[in-house]
Structure formats: C-alpha cells, structure tokens
Amino acid sequence: MLYYKEFIHPQSSEWVVFIHGAGGSSAVWYKQLKDFKKEFNLLLIDLRGHGKSADLPQDIWNKQYTFEAVTEDIIEVLDHLKTPPAHLMGVSLGTILARQLAELQPHRVKSLIMAGAITRLNVQSRVLVFLGNTFKRVIPYMWLYRLFAFIIMPRRQHEESRNLFVREAQKLCQKEFIRWFKLTSDIIPLLKYFKEKDMGIPTLYVMGDQDVMFLEPVKNLVKEHKNSILTILEKCGHVVNVEQPDQFNQLSMAFIKNQQ
C-alpha cells in the first residue's frame, strides 16, 4: 500500500485528501498543514514511486501505469482507512488523478480543489511531451526533469516551487520516471473527456497569472462547467499552494466550509 499520513481533528468530521503531482511528494503541501489541521481531518498520500512510497517493492508496479491504476492506489488507501466522502485537493498532475477518482467513485468526493490544474495541453506542453518521449531512455531523467521544471516555472519567484519539485524528483529512479512519463500517451484523450463531461461536483480552480502553459485552458473549461469557479492569484506561477500559501489556504478553506 502507498505511504500515507493522517492528521485527525478532535471535532471536525470533514476530510481533505491531498494528492501531489508527478515527481513531487506529499511534502509539497507543507505550507498547508498548519492552517488545515486547525479545521479538518487530513490525509496525505505519496503516489507510487514517489516520496516514501518509493521504498515499496518494485514488483508491485510491474504492470503498465495508467491513470486509472494509479488512482486505484489512492482508492486502496481510502478503503483501508474507511475514509468518509472527502474534499480532494490536487496540484499539477495530481489534479488529473483527483478528477479521475471522482470519475471512478463520485460518491467519495464532496468537492475538488485544483491547484495549478492541467486541463489541456497547449502547443508548448505538447512539444515538451514529444521531447521527453524521444529522449527519456537516453538522457538522465533529472536533466529532463530540471528542464521541464524550468520551462513550467521559469521566473525568479517560482524558484522555491521549482527547487522543491526537483529535490523530491531526485528520489525517483530512471525506470520509475519512464513508467510515469508513459502516462502522457493517455493524457490528451483523457483531458478531452474530462472537458466534455461536467460531473456537477463543486470545483475550485486556483491558478497563477504566470502559469502560461495551463491557465487559459482552465478559463475555457470553467465557462462550460457550471459548478466550477476559478480564482487567479497575481504574480504567481504553477505551484500556487507553495508560492502564495496564505491566499491559497484562505480561498480553499473558505470553499470547503461553504460545501458543508
């Protein structure tokens, strides 16, 4: 089973499940813990091959990775803990997994909070995917990861987020990076399906105004999904929960309380 950590609130019955992105770990939520622990029960999970889940026997993950299989890992933890319906919070690729979980088991999801959401790949991101698929077996994966992190988070104020993801990605191995990168072959049709299907689950998108690769597609999606709202943080890049934690925490906690 994946590594997980719970924080139990003595009075609250509300649960927030945190899902990190590719190459990261649950450490990416460290600026949320202090505020969220005061109000809710928390569950943080390290995805397969990431963080403390990287220590699990590799033969567990012999099958080809798919978004559904990786999401089933999360569901296994929820089943084990008998977690009640919860608010799912994802960042970057973790937003795709949160949406996939809502697709597979909508009864588990009270709301979705999507930080730096990926809802469509633009020309620039498709070029990155092509380059990654071309060179993933011949170039050390950390070279590629550092390049991708810099392109997605290029500005000086993005440095903390960029360094955090690079530091956590170093816990991966080349083989694990390749397994995860193969998921990109499924991402375009999956995102198209998600855009076409509005599940009606209350969803908050929090994006940075400097998230040039992913902001515009979210703007277009929110126009079509009636239960979705978008908040844009100024002078902020892709990993909004790290770059603007006070604003992000205030917005997302108010949104969760509004669903109760």
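Computed from a predicted model, the values in this text were never measured in an experiment.

Asks: Explanation requested: unusual backbone geometry in the structure shown.
Replies: Glycine aside, negative phi is the norm for most residues, and most peptide bonds take the trans geometry. You will see that K82, though not glycine, has its phi angle at about 55°, which is positive. Here K82 shows up in the loop between helix 2 (67-81) and strand 4 (86-91). A residue is classified by how much of its surface remains accessible, and K82, at 70% relative accessible area, is exposed. The backbone phi angle of K235 is positive, close to 50°, even though this residue is not glycine. Accessibility expressed as a relative area gives 63% for K235, which makes it exposed.

Asks: Looking at this structure, how should I read the nonpolar core?
Replies: What tends to happen in soluble globular proteins is that the nonpolar side chains get buried as a cluster. F36 and L42 are the most contacted members of the largest nonpolar core, which totals 75 residues. Excluding its chain neighbours within four sequence positions, the residues that come into contact with L42 are K5, E6, F7, W15, V16, F18, L33, F36 and K37.

Asks: What should I look at first to understand the side chain of E14 in this one?
Replies: Looking at the secondary structure, you find E14 in the loop between strand 1 (4-7) and strand 2 (15-19). On the accessibility criterion, E14 (8% relative accessible area) is buried. In this structure the side chain of E14 is engaged in a polar contact, spanning 2.7 Å, whose partner is the side chain of H87. With residues up to four places along the chain from it excluded, the contact list for E14 reads F40, N41, H87, K110 and Q260.

Asks: Hey, could you run me through the pairing of strand 7 (residues 228-233) in this one?
Replies: The pairing of strand 6 (residues 203-208) with strand 7 spans 6 bridges and is parallel. Each residue of the ladder has a partner; that of Y205, found in strand 7, is L230. The parallel pair strand 6 and strand 7 is bridged by helix 9 (residues 215-224), and the resulting crossover is right-handed.

Asks: Got a minute to help me understand the packing of aromatic side chains in this structure?
Replies: One pass over the structure, following the stated rule, counts 3 aromatic pairs. Arranged with centres 6.0 Å apart and planes meeting at 50°, the rings of F36 and F40 form a pair that is tilted. With relative accessibility at 0%, the residue F36 sits in the buried group. A relative accessible area of 1% places F40 in the buried class. Residue placement shows R48 over the ring face of Y65; its charged tip is 4.5 Å from the ring centre.

Asks: Which parts of the structure should I look at to understand the environment of K5?
Replies: Tracing the chain through its elements places K5 in strand 1. Each C-alpha atom, one on K5 and one on L44, is 5.3 Å from the other, the two residues being 39 residues apart in sequence. Apart from residues lying up to four places away in sequence, K5 is in contact with L42, L43 and L44.

Asks: Could you clarify how one ought to interpret the sheet that holds strand 7 in this entry?
Replies: Strand pairing within a sheet occurs via backbone hydrogen bonds; the two strands may be parallel or antiparallel. Reading across the sheet, the 7 strands line up as 1-3-2-4-5-6-7 and stay open at both edges, with mixed pairing between neighbours. The strands lining the two open edges of the sheet, one partner per strand, are strand 1 and strand 7. Averaged over all neighbouring strand pairs, the angle between strand axes comes to 15°, with direction disregarded. Bridge analysis of strand 1 against strand 3 (residues 41-45) gives 4 bridges, and the strand direction is antiparallel. Considered in strand 3, the bridge of Y4 is made with I45. Along the sheet, helix 2 contacts strand 1, strand 2 and strand 3; its crossing angle with strand 3, the most-contacted strand, is approximately 140°. Of the strands in this sheet, strand 2, strand 4 and strand 5 (109-115) touch helix 3 (residues 93-104), which is tilted by about 165° from strand 5.

Asks: Is there a simple way to explain the pairing of strand 6 in this structure?
Replies: Every regular strand shows the same layout, with side chains that alternate between the two sheet faces. Summarising burial for strand 6: 6 of the 6 residues are buried, a large majority. Burial along strand 6 is two-sided: the face carrying T203, Y205 and M207 and the face carrying L204, V206 and G208 are both buried. In terms of strand pairing, strand 5 meets strand 6 through 4 bridges, oriented parallel. Across the sheet, the residue bridging to A115 is V206, located in strand 6.

Asks: Would you mind showing me how to read helix 2 here?
Replies: Think of an α-helix as turning once every 3.6 residues; residues three or four places apart then point the same way. Look at helix 2: 22 Å from first C-alpha to last across 15 residues, which is about the 21 Å you get at 1.5 Å a residue. Just beyond helix 2, the residue with positive phi is K82, at close to 55°.

Procedures and definitions
- Residues numbered from 1 in each chain as written.
- Predicted model: local features only at pLDDT ≥ 70, side-chain atom pairs only at ≥ 80, totals over all residues.
- Heavy atoms only, no water.
- Helix = DSSP H or I, 4+ residues; strand = E, 2+ residues; numbered from the N terminus.
- Buried < 20%, exposed > 50% of the residue type's maximum accessible area, 1.4 Å probe, protein only.
- Core = buried A, V, L, I, M, F, W, Y, C linked by side-chain atoms within 4.5 Å.
- Contact = heavy atoms within 4.5 Å.
- Polar contact = N/O pair within 3.5 Å; in protein donor to acceptor, adjacent residues only side chain to side chain.
- Pairing = 2+ DSSP bridges.
- Right-handed = clockwise from strand over helix to strand, strands pointing away.
- Phe/Tyr/Trp six-rings, centres within 6.5 Å; stacked < 30°, edge-to-face > 60°.
- Lys NZ or Arg CZ within 6 Å of the ring centre and 35° of its normal.
- Axes fitted to C-alpha atoms, helices over the stretch in contact; angles between N-to-C directions.
- Expected span 1.5 Å × (residues − 1).

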